[in-house]
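Structural characterization, general
Next come the chains, spelled out residue by residue.
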Amino acid sequence: MRFLVMVKASPESEAPGFQPSARELAEMAKFNERLLDEGRIVLAEGLTSSAEGVRVVFEGEAEPKVIDGPFAETKELVAGFWVLNGESLEEIVELMKQAPNPEANGGVMEIRTIAG
């Protein structure tokens, strides 16, 4: 099975020019190396802030609207993600509990099974 792990954005990760610290990058690199060695990573990437993004909004039959970022609700945004191989949701939950905290003040990860 494959799982999408989304690292939720925060006001800090959405700030202009945000860069993780050298320590945070090193911790994440070490964790990602472990996931690679275990054959779990399909894809893993960090994302730019929503200021560099757009939304395409569909409303019935109307022409889709394009809304430029940044977007106000950081709790709804994603700062990075993994696509991981695993046997069960429970297995991936336990694995991600071992990941470095994605935010200095406390981070959130959302895990979803990929359909299909």
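Attention here is on the structure that accompanies the text. (Residues numbered from 1 in each chain as written. Predicted model: local features only at pLDDT ≥ 70, side-chain atom pairs only at ≥ 80, totals over all residues. Heavy atoms only, no water.)

1. Things to note about the overall build of the protein chain
When helices and strands are tallied, the protein chain shows three helices and six strands. Counted from the first residue to the last, the protein chain has its helices and strands arranged as β-α-α-β-β-β-β-α-β. In terms of principal-axis extent, the alpha carbons of the protein chain reach across some 45 × 35 × 20 Å. Counting the 116 residues in the protein chain, one finds 27% classified as buried. Counting only contacts in the protein chain whose residues sit at least 6 apart along the sequence, the fraction spanning at least 24 positions is 72%. (Helix = DSSP H or I, 4+ residues; strand = E, 2+ residues; numbered from the N terminus. Buried < 20%, exposed > 50% of the residue type's maximum accessible area, 1.4 Å probe, protein only. Contact = heavy atoms within 4.5 Å.)

2. Let's talk about a nonpolar patch on the surface
Together, Val54, Val56, Phe58 and Val66 make up a nonpolar patch on the protein surface, roughly 420 Å² of accessible area in all. Within the secondary structure layout, valine 66 lies in strand β4 (residues 65-68). (Patch = residues over 30% accessible without salt bridge, like charges linked within 9 Å, V, L, I, M, F, W, Y side chains within 5 Å. Areas by Shrake-Rupley, 256 points an atom, 1.4 Å probe, with all protein chains shown as cover. Salt bridge = Lys/Arg side-chain N within 4 Å of Asp/Glu carboxyl O.)

3. A look at helix α3 (residues 89-96)
Since the α-helix turns once every 3.6 residues, residues separated by three or four places project in the same direction. Every buried residue of α3 is listed here: Ile92, Leu95 and Met96. Projected down its long axis, α3 carries its buried residues within an arc of 90 degrees, all on one side. (Arc of directions from axis to C-beta.)

4. Considerations on the sheet that holds strand β2 (residues 41-46)
Within the open sheet, the four strands sit side by side as β2-β5-β1-β6. Their pairing is antiparallel. The strands lining the two open edges of the sheet, one partner per strand, are β2 and β6 (109-113). If you compare each strand with its neighbour and ignore which way they point, the axes differ by 15 degrees on average. Docked against the sheet, helix α2 (residues 22-37) engages β2 and β5 (78-85), running at close to 25 degrees with respect to β5. (Pairing = 2+ DSSP bridges. Axes fitted to C-alpha atoms, helices over the stretch in contact; angles between N-to-C directions.)

5. Some points on the environment of glycine 80
Within the element layout of this structure, glycine 80 appears in strand β5. For glycine 80, the contacting residues outside a window of four places in its chain are Val5, Met6, Val7, Glu45, Gly46 and Leu47.

6. Examining unusual backbone geometry
Glycine aside, the phi torsion of most residues is negative, and most peptide linkages are trans. Here the amide bond leading from glycine 69 into proline 70 is cis, since omega sits at 10 degrees, within 30 degrees of zero. Structurally, the position occupied by proline 70 is in the loop between β4 and β5.

7. Description of the layout of surface pockets
By volume, the largest pocket is sized at about 860 Å³. Those elements giving two or more residues to the lining of the largest pocket turn out to be α1 (11-14), α2, β2 and β5. The element that contributes the greatest number of residues to the lining of the largest pocket is α2, accounting for six residues. (1 Å grid on protein atoms, 1.4 Å probe; cavity = no way out; pocket = protein on both sides within 12 Å on 5 of 7 lines; lining within 4 Å. Points joined across faces, edges and corners; volume = space filled by probe spheres on them.)

8. Quick word on the pattern of salt bridges
Throughout the structure, instances matching the rule amount to eight salt bridges. In this structure, the salt-bridge partner of lysine 8 is glutamate 110, at a minimum N-O distance of 3.1 Å. Remark: glutamate 110 occurs in strand β6 and lysine 8 occurs in strand β1 (residues 2-8); sequence separation between them is 102 residues. Taking relative accessible area as the criterion, lysine 8 reaches 16% and is therefore assigned buried. Two residues, arginine 40 and glutamate 91, come together in a salt bridge whose shortest N-O distance is 3.0 Å. Note that arginine 40 is positioned in the loop between α2 and β2 and glutamate 91 in helix α3, a separation of 51 residues in sequence. Since its relative accessible area comes to 15%, arginine 40 is described here as buried. For glutamate 91, a relative accessible area of 25% puts it in the partly exposed group. Shared partners join several salt bridges into a network, and the residues in it are Arg34, Glu38, Arg40 and Glu91.

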